[in-house]
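For reference, the chains in residue letters:
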Amino acid sequence: MALLDPADWAVLGFYLVAIVGFGLYMGRGNRQVVDFFLAGRQMPWWAVGLSVMATQVSAITFVGTTGQAFSKGMSFLVVYFGLPFAMVILCVTLVPFFYRAGVYTAYQYLEKRFDGRTRTLTSLLFLISRGLSVGVTLYAPSLVLSVVLGWSEPATILLMGSTTIAYVVYGGNKSVIWTDVVQMILIWVGVFVCVGVAIAQLPAAFGLRDALALAQTAGRLEIVDTSLDPTKPYTLWSGLIGGCFLALAYFGTDQSQVQRYLSGSSLRESRLSLLFNAFLKIPMQFLILLTGVLVFVFYHFHAQPLLWNPTDQKALQEQAPAGALAPVQGRFAAAESRRRAAAEAFAAERREGSRGTEAARVEYRAAQAAVESAREEAHALIKTIRKETRYDDTNYVFPTYVLSSLRGGLAGLILAVIFAAAMSTLSGELSSLATASMVDFYQRLGRGPRDERHDLFVSRLLTAAWGVFAGVVALQAGRLGSAIEVVNRFGSYFYGSILGVFGLAILAPKADGRGAFWGLLAGIVTVAFVAQTTSVAFLWYNPIGAITVFVVGLLLSRRAPATAVG
Amino acid sequence: MPPEDIPLGSWRRLYGAVLATALGVMVLAFLFSRWPY
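Residues numbered from 1 in each chain as written. Chains lettered and ligands numbered in written order. Predicted model: local features only at pLDDT ≥ 70, side-chain atom pairs only at ≥ 80, totals over all residues. Heavy atoms only, no water.

1. So, the overall build of chain A
So, point 1. Looking only at helices and strands, chain A has 22 helices and zero strands in total.
So, point 2. Against the globule reference of 24 Å for 566 residues, chain A gives a C-alpha radius of gyration of 25 Å, in line with a compact fold.
So, point 3. The dimensions of chain A, computed from C-alpha atoms along their principal axes, are 75 × 50 × 50 Å.
So, point 4. Across the 566 residues that make up chain A, the buried fraction comes to 63%.
So, point 5. The long-range fraction of contacts in chain A, counting pairs at least 24 apart against all pairs at least 6 apart in sequence, stands at 85%.
So, point 6. Per element, the accessible surface of chain A, about 20,600 Å² overall, is 64% carbon and sulfur.
So, point 7. Across chain A, the 45 positively charged side chains and the 34 negatively charged ones have centroids separated by 8 Å. (Helix = DSSP H or I, 4+ residues; strand = E, 2+ residues; numbered from the N terminus. Rg over C-alpha atoms; globule rule 2.2 N^0.38 Å. Buried < 20%, exposed > 50% of the residue type's maximum accessible area, 1.4 Å probe, protein only. Contact = heavy atoms within 4.5 Å. Areas by Shrake-Rupley, 256 points an atom, 1.4 Å probe, with all protein chains shown as cover. Lys, Arg positive; Asp, Glu negative; His and termini not counted. Charge placed at Lys NZ, Arg CZ, Asp CG, Glu CD.)

Pasting the structure below:
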């Protein structure tokens, strides 16, 4: 793999220094806990909107999503189809409730509506699931950089974690939001650069339409699958319904998002920030997935490794049984040549006026299958060497592309974008974890009048502690599977059930604390049971959990004496 | 917290615009995936 140019190092170095300096500068002047956690409730909608978006776009979004588009196509886009509906539902329902209650955390509202134990349980579930996923947030870019820069993963985790922790511990949510604004703008620039460069790097005789036609023939453009099969991960229905529930739960009940818009200067600003996200989210994900598809086409005309992870590629060359690797390499090289010839023949036919004959498509698909088959053989060899049953190196596709094909500071820019995506998510998550532990736990233990200076100190201490915890989890995350699905899966086990509790709170006036608490437990058990015993796709866990909590909560509340209304 | 300064009817129109745009984007995504390039 090519090394970075001095210009790349300069761009990456400048980004890291500038963002930390900017974060520290913007975060000055915190005197009270409300400043530290809610930026004094003074943020404009556009800054909150960019922050909401930046918190959701993690490095996993770049590394995992492009890799997924490369290997499986763009079907992942449907996950975001339900998001705009969820944003509108939240603007009408939960957001006004949070505002009227004047809370710091979403779970605080549940104590006002139900009881203390429901608040404690939901906040605890948030701390567990978000605490684990914040480790994955750190792990994904460390995985990229360990490959790209030849650094160790712990060193990368330390660099990324310490820079982010520095400005979040000092400046709190003000630093988080203002750095998110810069990072999100950088991410948008990066997305357009990626798409533009990928198009510019197509061979001279191979236009964008040829590239899209080829990707379509390889099944990489498939987005809308109307299948009703609940075991398929990404169908139109799982995207619209499961994706809507996922977005409702994430933006409505996950403190890392709720805290963003509670920092808005009014209900109007908070609502506008969510609607801003509703407009831009699908187009952005579309462009990121399109980058992965264009990288797929790019590697028809440029040499690609047998395995995308260079460490595994090296292990394969050094440890594969004698005589086992050479035939696979031979078949891979032959299949690549065949695929390139088939792609060129396909494009040549298109230039002559047709859209490519069926024979050309059949030959291309056969060549593509031969490439994938040779790669599967290499996967089998590395699985034997590593003594593992699963192998997935798609997360290494995009960084390999960036390093081997971008020059003149652009690789540095894209690496800075990956850093920005990771740091913007990490900062929001650390701040929200500290807020939930401070407001939902520490402050409830204390007796006597509040001391703002002491509370501010403890808030900073908790932020730093969560940063350290995230680093420890990150070091273990490599043992987990495809990073993108792992993060969503963690969330999906609890998300739907927590959403069900909030649904009970605002939609069922008769629901009480007993119903909410036991309904929540019933929802979690049901989702865990479904996840363990069936093949139902993870996007469905959210509606299953939410509906179970709602129904069980309502039934139990009706049997109990009416103690809490409204 | 300052009072609401956008009338309810305007919010409804805004929500409608968001949902209409989302549906439009989904249709475009579908057309993109099936377009005879």
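2. Topic: the overall build of chain B
So, point 1. Scanning chain B for helices and strands turns up one helix and zero strands.
So, point 2. In chain B, which comprises 37 residues, the proportion classed as buried is 24%.
So, point 3. On chain B, roughly 2,400 Å² of surface is accessible, and the fraction owed to carbon and sulfur atoms is 74%.

3. Concerning helix α4 (residues 59-71) of chain A
Residues and elements named next belong to chain A.
So, point 1. The first and last C-alpha atoms of α4 sit 18 Å apart over 13 residues, in line with the 18 Å expected at 1.5 Å per residue.
So, point 2. Where burial is concerned, most of α4 is hidden: 12 out of the 13 residues are buried.
So, point 3. For α4, the complete set of buried residues consists of A59, I60, T61, F62, V63, G64, T65, T66, G67, Q68, A69 and F70. (Expected span 1.5 Å × (residues − 1).)

4. Overview of the interface of chain A and chain B
So, point 1. Across the boundary between the two partners, chain A contributes 32 residues, which contact 24 residues of chain B.
So, point 2. Across the chain A to chain B interface the summed buried area is about 2,600 Å²; carbon plus sulfur atoms make up 76%.
So, point 3. It is A:Q216, A:R268 and A:F279 that lose the most area in chain A upon contact with chain B, and together they represent 20% of the buried surface on that side.
So, point 4. One can count one salt bridge joining chain A with chain B.
So, point 5. The salt bridge involving A:E222 is made with B:R34; its shortest N-O contact spans 2.7 Å.
So, point 6. Summed over the shared surface of chain A and chain B, the result is five residue pairs in polar contact (both at pLDDT 80 or more).
So, point 7. Looking at the side of chain A that touches chain B, the elements with two or more residues in it are α5 (83-92), α10 (208-217) and α13 (267-298) of chain A.
So, point 8. With 10 residues, the top contributor of residues to the side of chain A that touches chain B is α13(A).
So, point 9. Of the residues assigned to the side of chain A that touches chain B, the class counts are 23 nonpolar, three polar and six charged. (Buried area = accessible area lost by both parts, 1.4 Å probe. Salt bridge = Lys/Arg side-chain N within 4 Å of Asp/Glu carboxyl O. Polar contact = N/O pair within 3.5 Å; in protein donor to acceptor, adjacent residues only side chain to side chain. Nonpolar A, V, L, I, M, F, W, Y, C, P; charged D, E, K, R; others polar.)

5. What to know about the side chain of A:T66
Residues and elements named next belong to chain A.
So, point 1. Residue position: T66 is located in helix α4.
So, point 2. Within the structure, the side chain of T66 is placed 3.4 Å from the backbone oxygen of V63, a separation counted as a polar contact.
So, point 3. Those residues in contact with T66 that lie beyond four places of it in its chain are T61, I288, T291, G292 and F398.

6. Section: a nonpolar patch on the surface
So, point 1. Together, B:V27, B:L28, B:F30, B:L31 and B:W35 give the surface a local cluster of nonpolar side chains, amounting to about 490 Å² of exposed area.
So, point 2. Assignment of secondary structure puts B:L28 in helix α1 (residues 8-34). (Patch = residues over 30% accessible without salt bridge, like charges linked within 9 Å, V, L, I, M, F, W, Y side chains within 5 Å.)

7. So, the packing of helix α11 (residues 236-253) of chain A against helix α12 (residues 255-262) of chain A
Residues and elements named next belong to chain A.
So, point 1. Where α11 contacts α12, the two axes come as close as 5 Å, and the packing angle between them is 55°. Looking at the two axes, α11 sits oblique to α12. Together, Y250, F251, G252 and T253 of α11 and Q255, S256, Q257, V258 and Y261 of α12 make up the contact between the two elements.
So, point 2. Counted by class, the contact of α11 with α12 contains four nonpolar, five polar and no charged residues. (Axes fitted to C-alpha atoms, helices over the stretch in contact; angles between N-to-C directions. Parallel < 35°, antiparallel > 145°, perpendicular 65-115°, else oblique.)

8. Things to note about the confidence of the model for chain B
So, point 1. Here chain B averages 84 in pLDDT, while 81% of its residues score no lower than 70.
So, point 2. In the predicted complex, the global pTM is 0.90; the interface-specific ipTM is 0.89. (pLDDT = per-residue confidence, 0-100.)

9. Structural notes on the packing of aromatic side chains
Residue and element names in this part refer to chain A.
So, point 1. Across all of its chains, the model carries 28 aromatic pairs over all chains by this definition.
So, point 2. Note on F70 and W308: the rings are 5.3 Å apart at their centroids and 85° apart in plane angle, and the pair reads as edge-to-face. Here the residue F70 occupies a position in helix α4, and W308 occupies one in the loop between α13 and α14 (310-319), the gap between them amounting to 238 residues.
So, point 3. Judged by relative accessible area, which is 8%, F70 ranks as buried.
So, point 4. Owing to a relative accessible area of 3%, W308 belongs among the buried residues under this scheme.
So, point 5. Considering the side-chain rings of F298 and Y401, the 5.0 Å spacing of their centres and the 80° angle between planes classify their relative orientation as edge-to-face. Linking F298 in helix α13 with Y401 in helix α17 (residues 397-405), this pair joins segments that are 103 residues apart in sequence. By the burial criterion, F298 is buried, and Y401 matches it.
So, point 6. A cation sits over an aromatic face here: R41 above Y104, 5.6 Å from the ring centre. (Phe/Tyr/Trp six-rings, centres within 6.5 Å; stacked < 30°, edge-to-face > 60°. Lys NZ or Arg CZ within 6 Å of the ring centre and 35° of its normal.)

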